[in-house]
Amino acid sequence: CMGRVEILRGQEWGTVCDNSWDLRDAAALCRQLDCGWALAAPGRAQFGQGSGIIWLDQVNCKGTEQVLSSCPARPWGVTNCSHAQDAGVVCSGDSLPPGGQRWKLSAPPYPSAGSDASRLAPVRLAAGPGHCAGRVEVLHNATWGTVCDDHWDMLAAQVLCQQLGCG
């Protein structure tokens, strides 16, 4: 369960802008799709740029909503975004609800990484006393680098711990 977020509204598929898109928003969508919990809420069209209308912008979920459409946002279709800002989601599960869904995750523009988010963006904890403690590092272009702590919070730490199998 990962990909670009797209919404069907009035027979027209459209995307969601990444302005203010975060793990709380992704959590609502993962719940709606019965895909487990949110592991990441990538922006900047990480799963490729969509086309057509951008349906939602400034989505601001609390993190407890059961469906994304119940979250506050700008009015439908009102945005200042381009498709270079399409939102994505990485959920922990690997199944979508059967037929008739009104939301979809578009396939990534590269070979599928499967449902394991760690294969999409490998992470590790370095220089700690064990594999569940240390400095957060991400593998990008065959090089390990650190993660900036701007906006890092307990929710981000919990997601990382789940992704690493550390509780």
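Keep in mind that this is a model prediction, so the values were computed, not measured.

Undergrad: Hey, could you go over the pairing of strand S2 (residues 12-16) for me, with residue numbers and the actual values?
TA: Sheet analysis places strand S1 (residues 2-9) next to S2, joined by four bridges and oriented antiparallel. Within the sheet, the bridge partner assigned to Ile7 lies in S2 and is Gly14. What sits between the antiparallel neighbours S1 and S2 is a turn of two residues, in which Gly10 has the positive phi angle 60 degrees. Where S2 lies against strand S4 (residues 54-56), two bridges are found, and the strand directions are parallel. Within the sheet, the bridge partner assigned to Val16 lies in S4 and is Leu56.

Undergrad: Tell me what's going on with the pattern of salt bridges, and back it up with residues and numbers.
TA: Within this structure, the stated rule accounts for four salt bridges. Measuring nitrogen to oxygen at the nearest pair gives 2.8 Å for the salt bridge that ties Arg24 to Asp22. Looking at Arg24, the relative accessible area reads 33%, which means it is partly exposed.

Analysis parameters
Residues numbered from 1 in each chain as written. Predicted model: local features only at pLDDT ≥ 70, side-chain atom pairs only at ≥ 80, totals over all residues. Heavy atoms only, no water. Pairing = 2+ DSSP bridges. Helix = DSSP H or I, 4+ residues; strand = E, 2+ residues; numbered from the N terminus. Salt bridge = Lys/Arg side-chain N within 4 Å of Asp/Glu carboxyl O. Buried < 20%, exposed > 50% of the residue type's maximum accessible area, 1.4 Å probe, protein only.

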